Amino acid sequence: MILDVAHFVREEQPFWQELEECLSRLERRLEQRMDLAETRRFYYLYRRAASDLARIRTFAVEPEIRGYLEGLVGRAYAEIHEIRDAPYRLKPLAWFFETFPQTFRRRYRAFLIALAAMVIGSFFGAGAVLLDPAAKESVFPVQFSHLQDDPAKRVEREEHSTEDRLEGARSTFAAALMTNNIRVSIFAMSLGITWGLGTLIMMLYNGVILGGVAIDYILAGQSTFLAGWLLPHGSIELPAVLIAGQAGLVLAGALIGWGSAQSFRERLRAAGPDLVTLIVGVMLLLVWAGIVESFFSQYHEPVIPYALKIAFGSLELLLLFAFLLGSGRKRGRRLSGKAAPHD
Amino acid sequence: MIEPRNATLAVRTPEGVEFSLLLAGPSARFLAWGIDFGVTLVVALVVLTTFSILQSFSGDLTTAISILTFFVLNTGYNILLEWIWHGQTLGKFLLKIRVMDAQGLRLQFSQIVMRNLMRTVDMLPMLYLAGGAAMLFSRHAQRLGDLAANTVVVHTPTPKQPDLQQLLPDKYNSFRSYPHLEARLRQQVSPVEVALLVQALMRRNELDPDARVALYRELADHFREQVAFPEEASAGLTDEQYLRNTVDSIFRKSGEAN
């Protein structure tokens, strides 16, 4: 028997059009909720289009109508089977003070692994410089060439310099630091796709440089200068890099899926929002660190006393960890308690 | 060009209906990226020219702003556009492709951020070689960012309603004087033959003139063999007109008057 295509299309077209209008409305205004009658109608239209698609596939070769219907059914399918909330409104404050620290705590194991990698790296860097001071050359990257000199000499130079090295270039320096550090952090997260190996290597390598520089200055008796120089920005920058590493390891964990009953896709789906939360948090921290490093860290005694710099840096570190470990705790409990009666 | 292993992604709904999404190949995506890259450059230039007024006021601030502008544009352009345009950027729009969730569900903001941040790895060592290689090996032509974000890039289905008017013009059909022969025609031809006929007429303008004449002659001969309309109904009809009459006879509602 012949499916009378013209007749079929003429009969069904009003329904398709209605579905199309419905979909455009939904896709344009994400916050819109349909009432029961509208939802019923929408579901009816979807099923009708789906069955039309099934019929047209079985009875006649009609690439155009079929393509049109496939597009329509595909769009409606996405609306009906999606259970996650549409991201129609950003709540930056709630996100920063609740979601970000909560995510950090939920994924604390990945953070500890990143931290361990960096600590091991720093021991290695410190050991290398300790055993063989000439190793400095191979440990420090080219762009840190100013660290190749004797630390004592550098401190002397910095403390006695009369001119402001960064005069007229402070904003540029801050912008360069921010963008570079954010780029490196995104890279550290993305390298999670190498099952975490690339991320771990980056954490190790950062640790090696840090350990090497630290021991070099300590051996030269310049620990106060070192702390005053690194703490103000480092107390934010290093945790930020570690959180980027944490994000990379969360991605790696989702890829590997050790001991998880979920499918590959489900694991990635669950990890996705956490990854984005972590990396956006990292970006914000690095903006702050860039400003501090450019406008504050590069000034030494006698301009700014070391005690002040060290106190400032320690305070930052304390606040950061109080924030990451404590923020968003109470609210989360209250919310989950409130959600129960609704279900 | 090497085609991805699966050119389509089939999604099966719980109602048992399957629909397929046509996956976009590397060349379309690379072109779209090229367009987007050009657009970011132009926007960056415009912003920088605007801010260069500040140059005399503070050169330091101007340089800082230009560094930040370029970085934000570079990272944020795709994220912002894919978010507000439901998976399309300017380049993707022009090449008629779109980012979609790999399960056919709604695209989430986190997925958009994820697939775009992962570009840092995909573009290694240069010109998206890593991403391109991943596309060739992945089942749904996904680069690494797509894999991590669980997204695919598909050709946008053209939301075009089929045009049957072109097929069934309101013209006099000489076959209508012979309802019994029309009935026999409806009964004799198979769905496949009708589909072939409809397609041949629908795609009239896509065919070479010579090929069209040959194709329509062959088809008309075929249908003439099945049901022979009397001389006065078919005399003077071109092959194409004969086929149009045939379609009209098959599809017209039985009770419909001329």
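Position numbers for residues count from 1 along each chain, tracking the sequence in the order it is written. Note on labels: chains are lettered from A, ligands numbered from 1, in written order. A pLDDT threshold of at least 70 governs which residues receive local features in this predicted model, and a stricter bar of 80 or more applies before side-chain atom pairs are shown or counted, although totals over entire chains, interfaces and linings include all residues. With hydrogens and water stripped out, all remaining heavy atoms of the structure feed into the side-chain values.

In this section: the overall build of chain A. When helices and strands are tallied, chain A shows 13 helices and 0 strands. Along the chain direction, N to C, the helices and strands of chain A fall in the order α-α-α-α-α-α-α-α-α-α-α-α-α. The cut-offs for exposure are 20% and 50% of the maximum accessible area for each residue type, with area from a 1.4 Å probe on protein chains only; residues under the lower value are buried, those over the upper are exposed, and the others partly exposed. Taking all 343 residues of chain A together, the buried fraction comes to 47%. Contact definition: two residues touch when any of their heavy atoms are within 4.5 Å. Contacts spanning at least 24 positions in sequence make up 80% of the contacts within chain A whose residues lie at least 6 apart. The protein chains shown are the only cover counted for residues, whose accessible areas, like all others here, come from Shrake-Rupley with a 1.4 Å probe. Only carbon and sulfur atoms are counted for the fraction: they give 63% of the accessible area of chain A, which is about 17700 Å². Numbering of helices and strands starts at the N terminus; helices are DSSP runs of H or I of at least 4 residues and strands are runs of E of at least 2.

Right, let's talk about the side chain of S294(A) for a bit. All names here are of chain A. Within the secondary structure, S294 sits in helix 11 (residues 264-297). A polar contact of 2.7 Å, which involves the side chain of S294, links it to the backbone oxygen of R170. Discounting chain neighbours no more than four positions away, the residues touching S294 are L166, R170, F173, A174, L177 and Y299. Nitrogen and oxygen atoms within 3.5 Å of one another constitute a polar contact, given that in protein one can donate a hydrogen and the other can accept it, and given that sequence-neighbouring residues count only through two side-chain atoms.

Contacts between chain B and chain A engage 61 residues on the former and 69 residues on the latter. Here the quantity called buried area is the total loss of accessible area, with a 1.4 Å probe, experienced by two parts when brought into contact, counted for both. Both sides together, the interface formed by chain B and chain A hides about 5600 Å², and carbon and sulfur atoms give 65% of it. Salt bridge, as used here, is a side-chain nitrogen of Lys or Arg placed within 4 Å of a carboxyl oxygen of Asp or Glu. For R269(A), the salt bridge identified is with D101(B), shortest N-O distance 3.1 Å. In this structure, the connection of chain B to chain A is made through 7 residue pairs in polar contact (both at pLDDT 80 or more). For the side of chain B that touches chain A, the elements supplying multiple residues, two or more each, are strand 1 (8-12), strand 2 (18-22), helix 2 (59-84), helix 4 (109-117), helix 5 (119-122), helix 7 (144-149), helix 9 (191-202) and helix 12 (239-251) of chain B.

A few words on helix 1 (residues 26-51) of chain B. Helix span, as expected, comes to 1.5 Å for every residue beyond the first. For helix 1 of chain B, spanning 26 residues, the distance from its first C-alpha to its last is 37 Å, which sits close to the expected 38 Å at 1.5 Å a residue. Taken together, the buried positions of helix 1 of chain B are A28(B), R29(B), A32(B), D36(B), T40(B) and A44(B).

This next bit is on the packing of aromatic side chains. A pair of Phe, Tyr and Trp rings is counted when the ring centres sit within 6.5 Å of each other, with Trp represented by its six-membered ring. The angle between the planes then sorts it: under 30 degrees is stacked, over 60 is edge-to-face, the rest tilted. In this structure the tally under the stated criterion is 23 aromatic pairs over all chains. Ring pairing ties together the aromatic residues W95(A), F96(A), F97(A), F100(A) and F323(A), which thus form one cluster. Either the NZ atom of lysine or the CZ atom of arginine qualifies as a charge over a ring when it sits within 6 Å of the ring centre and within 35 degrees of the ring normal. A cation over an aromatic ring shows up here: R48(A) above the ring of F15(A), its NZ or CZ 3.8 Å from the ring centre. Lying over the aromatic face of Y242(B), R224(B) brings its terminal NZ or CZ to 4.6 Å of the ring centre.

All names here are of chain A. In predicted models, pLDDT denotes the confidence assigned by the predictor to each residue on a 0 to 100 scale. Model confidence for chain A is summarised by a mean pLDDT of 83, while 87% of its residues fall at 70 or above. For chain A, the element scoring lowest by mean pLDDT is helix 13 (residues 329-342), at 47; helix 5 (residues 108-131) scores highest, at 93. Residue range residues 332-343 is modelled with pLDDT below 50. Its contacts to residues more than four positions away, or to other chains, number 1 contact.

Relative to the assigned elements, T69(B) resides in helix 2. Those residues in contact with T69(B), other than ones at most four positions away along the chain, are V47(B) and L48(B).

So, on to the packing of helix 11 of chain A against helix 12 (residues 306-326) of chain A. All names here are of chain A. Note on geometry: axes are lines fitted to C-alpha atoms, helical ones only across the stretch in contact, with angles between N-to-C directions running from 0 to 180 degrees. In the contact formed by helix 11 and helix 12, the axes pass within 13 Å of each other and the chain directions differ by 175°. Judged by the inter-axis angle, helix 11 sits roughly antiparallel to helix 12. Between helix 11 and helix 12, the residues in contact are L285, W288, V292, F296 and S297 and K309, F312, E316 and L320, respectively. Among the residues forming the contact of helix 11 with helix 12, the class breakdown is 6 nonpolar, 1 polar and 2 charged. When describing relative orientation, an angle under 35 degrees is termed roughly parallel and one over 145 degrees roughly antiparallel, while 65 to 115 degrees is termed roughly perpendicular and anything else oblique. Only Asp, Glu, Lys and Arg are considered charged, only Ala, Val, Leu, Ile, Met, Phe, Trp, Tyr, Cys and Pro nonpolar, and every remaining residue, Gly among them, polar.

Within the largest apolar cluster, 59 residues are counted, with the highest numbers of intra-cluster contacts made by I193(A), M203(A), I243(A), L251(A) and M114(B). Looking at which element gives the most residues to this core, the answer is helix 10 (residues 223-256) of chain A, with 12 residues. Residues belong to one nonpolar core when they are buried, are Ala, Val, Leu, Ile, Met, Phe, Trp, Tyr or Cys, and are joined through side-chain atoms within 4.5 Å. Residues L19(A), Y46(A), L72(A) and A76(A) belong to the second largest nonpolar core, which totals 32 residues.

Bringing the pattern of salt bridges into the picture now. Applying the stated criterion across every chain yields a total of 14 salt bridges over all chains. The salt bridge partner of D274(A) is R106(A), with a shortest N-O separation of 2.8 Å. Taken together, the positions of D274(A) in helix 11 and R106(A) in helix 4 (residues 92-106) put the pair 168 residues apart, joining distant regions of the chain. The buried category is assigned to D274(A), whose relative accessible area is 7%. Linking E82(B) and R115(B) is a salt bridge whose minimum nitrogen-to-oxygen distance equals 3.1 Å. Taken together, the residues E82(B) in helix 2 and R115(B) in helix 4 connect sequence positions 33 residues apart. The same class applies to E82(B) as to R115(B), namely buried. The network of salt bridges with shared partners includes R29(B), E82(B), K92(B), R115(B) and D146(B).

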